[in-house]
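# Commentary on secondary and tertiary structure
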Amino acid sequence: MRTRARVAVAVAAALTVAGCTDDGEPPAAASAPPSVALSFAPGAAGAGDPYFPAYGNGGYDVAGYDLKLRYDPASGRLEGSATITATATQDLSRFNLDLAHLTASRITVDGQAATGRADKNELVVTPAAGLVKGRAFTVVVEYAGKPQPLNNEALGVGGWQRTRDGAFALGQPESASTWFPVNDHPSDKATFALAMTVPDGVEAIGNGVPGRKDTAGGWTTWRWTETKPMASYLATVVIGQYRVKTSTHAGKPMVIAVPESLPATGPAARSLDRTGEIADFLAARFGPYPFDAYGGVVIDDNRVGYALETQSRPVYGNVFFRTRPNPTVVAHELAHQWYGDSVALERWQDIWLNEGFATYAEWLWQEHVGEQTAQQAFDRTYRGFDWQVPTGDPGAERLFGAAVYQRGAMVVHALRRTIGDEAFFALLKEFPAAHRDANATTEDLIAAAERASGKDLGDFFEGWLFGRTPQPRP
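From a predicted model like this one, the values you see are computed outputs, not experimental measurements.

## Considerations on the nonpolar core
Generally speaking, a soluble globular protein has its nonpolar side chains buried in company with each other. With 73 residues, the main nonpolar core has Phe95, Trp160, Trp179, Phe180 and Met196 as its most contacted residues. With six residues, the single largest contributor to this core is strand β3 (residues 60-72). Beyond its immediate stretch of four places on either side in the chain, Trp179 contacts Leu67, Leu69, Leu78, Leu102, Tyr143, Trp160, Ala169, Phe192, Leu194, Ala235, Thr236 and Val237. Counting residues in hydrophobic clusters, the runner-up holds 65 residues, among them Leu272, Ile278, Tyr294 and Leu427.

## Quick word on the packing of helix α4 (residues 352-368) against helix α5 (residues 374-382)
At a closest axis distance of 8 Å, the pairing of α4 and α5 adopts a crossing angle of 130°. When the interaxial angle is binned, α4 and α5 end up oblique. Along its contact with α4, which presents Tyr360, Trp363 and Glu367, the element α5 presents Ala374, Ala377, Phe378 and Thr381. In terms of residue class, the contact of α4 with α5 is built from five nonpolar, one polar and one charged.

## A look at the sheet that holds strand β5 (residues 92-98)
Pairing within the open sheet is mixed, and its four strands lie in the order β2-β5-β9-β8. Since the sheet does not close on itself, it has two edges, and those belong to β2 (41-42) and β8 (115-119), each with one partner. Where β8 lies against strand β9 (residues 122-126), five bridges are found, and the strand directions are antiparallel. The residue bridging Arg117 from the neighbouring strand is Val124, located in β9.

## Structural notes on the packing of α4 against helix α6 (residues 402-419)
With their axes 7 Å apart at the nearest point, α4 and α6 run at an angle of 70° to one another. Considered as vectors, α4 and α6 are oriented roughly perpendicular to each other. For the pair formed by α4 and α6, the contact residues are Trp352, Glu355, Gly356, Phe357, Thr359, Tyr360, Trp363 and Leu364 on the first element and Val404, Tyr405, Gln406, Gly408, Ala409, Met410, Val411, Val412, His413 and Arg416 on the second. Considered class by class, the residues forming the contact of α4 with α6 number eleven nonpolar, five polar and two charged.

## Observations concerning the pairing of strand β10 (residues 136-145)
The sheet contact formed by strand β4 (residues 77-88) and β10 spans ten bridges and is antiparallel. Within the sheet, the bridge partner assigned to Thr87 lies in β10 and is Ala136. Judged from the six bridges that link them, strand β6 (residues 103-109) and β10 form a sheet pairing that is antiparallel. Opposite Thr103, over in β10, you have Ala144 as the bridge partner.

## A closer look at the packing of aromatic side chains
For the structure on display, the rule yields 31 aromatic pairs. Plain terms: the ring middles of Tyr60 and Phe95 are 5.6 Å apart, the flat faces sit at 65° to each other, and that makes the pair edge-to-face. A residue pair is termed long-range when its members are at least 10 positions apart, and Tyr60 in strand β3 and Phe95 in strand β5 qualify at 35 residues. When its relative accessible area of 1% is taken as the criterion, Phe95 is described as buried. Ring plane angle 65° and centroid distance 5.6 Å describe the contact between Phe286 and Trp338, whose orientation is recorded as edge-to-face. Of the two residues, Phe286 sits in helix α2 (residues 275-286) while Trp338 sits in the loop between α3 (327-335) and β25 (343-345), which places them 52 residues apart along the sequence. Note on accessibility: Phe286 and Trp338 belong to one class, buried. Put simply, the rings of Phe286, Tyr289, Phe291, Tyr294, Trp338, Tyr339, Trp352, Phe357 and Phe431 touch in pairs and so form one group of aromatic residues. Over the face of the ring belonging to Trp219 we find Arg70, whose NZ or CZ atom lies 3.6 Å from the ring centre. Sitting over the ring of Trp222, Lys213 keeps its end group 4.0 Å from the ring centre.

Conventions and cut-offs
- Residues numbered from 1 in each chain as written.
- Predicted model: local features only at pLDDT ≥ 70, side-chain atom pairs only at ≥ 80, totals over all residues.
- Heavy atoms only, no water.
- Core = buried A, V, L, I, M, F, W, Y, C linked by side-chain atoms within 4.5 Å.
- Buried < 20%, exposed > 50% of the residue type's maximum accessible area, 1.4 Å probe, protein only.
- Helix = DSSP H or I, 4+ residues; strand = E, 2+ residues; numbered from the N terminus.
- Contact = heavy atoms within 4.5 Å.
- Axes fitted to C-alpha atoms, helices over the stretch in contact; angles between N-to-C directions.
- Parallel < 35°, antiparallel > 145°, perpendicular 65-115°, else oblique.
- Nonpolar A, V, L, I, M, F, W, Y, C, P; charged D, E, K, R; others polar.
- Pairing = 2+ DSSP bridges.
- Phe/Tyr/Trp six-rings, centres within 6.5 Å; stacked < 30°, edge-to-face > 60°.
- Lys NZ or Arg CZ within 6 Å of the ring centre and 35° of its normal.

The values are spatial; any link to function lies outside them.
What follows is the structure, encoded as structure tokens:
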């Protein structure tokens, strides 16, 4: 993500669920072997992230989300169903889904009616029988309401935001729970399918590969499928009046959408038209492009002062294209497709793995086009930098600060100078290949760098990631 604005963290909001109960424990699972004594317990109401303990949930692992939704821009109402396939990671008596400002009317687990209880921005689901550890199960939630964004004084607004002609769902570190029930933490990646029905003449752009469009009774259903596991905050939908250009690049679909409010050949359109070229440049350094589709979407809305690496289809605020094309921001968000999307965070503390490498990709691109070398970018950033915030542990309120982005990029360049270009550029490919479609930590990156270089880099990373004084210029 690249931003001056702050985006997305939950604030408690009332939520009601029809047919809810307050008792939590179902009868023992009928499928349990009679010789095995099972002890069913509720899944945790949080994934245990050190920065955001309440984000996400415990007790299960999601494999996929399949959303069938209908949105009316005139009323702002969203309705439909979410089918969630998952596997229990403990003997579950009940489990939580994150869902904010929306009302669930019916819930089933493996086709059997389940009960639900609203607890602020959580939907507590109690199945008819306990779920045995290791068992795959399917949850269907029917729900509706007028989605609203989530707000936090430190990090800003994120999630579903209504517009004059539609809406968009966007935000980091939290967004998805404002428009579908979800395990809203990047450690639980899942595939994603969306069928969004909107009035004829309105576009609905999502993640992944475009599917069949159907029109009936004045409504059109747009379909999108992301078959590679995706962190929940990377899910998006953008609804409104857009020029949608579909082509192919490297044998994969390329979908670029620019609002009709912007010139068809203006700076935004010209910037996104370089998506394929920039992706190929990055693939030469990071390895094969990791997803099944390319593209990007521009939002012409003053509330969006940032860009976000929504998987396979980054979203850019028009703030980056006010006066001239800006391919550098495109390089940043496309770099995230490797560092941040394909290889996702295990915990939010390690966000420098996303932003440090994406900012360094900007430096590589600028060097490629002759604007400045990576060393010059490093020198300008190093000069007068405030080292008080550690890159490797910036704190929840500084996720989008200079210590993460600019110092993070300096860490990457200093690593390059320390281990040499041969080992460094091998690492740039080996790390995303080793963790493709999965999650990684700072410790994983350090281990990979030591393997690539054959050096003990403990002192290097301790100083550059956690030191509070200027590090020696490499």
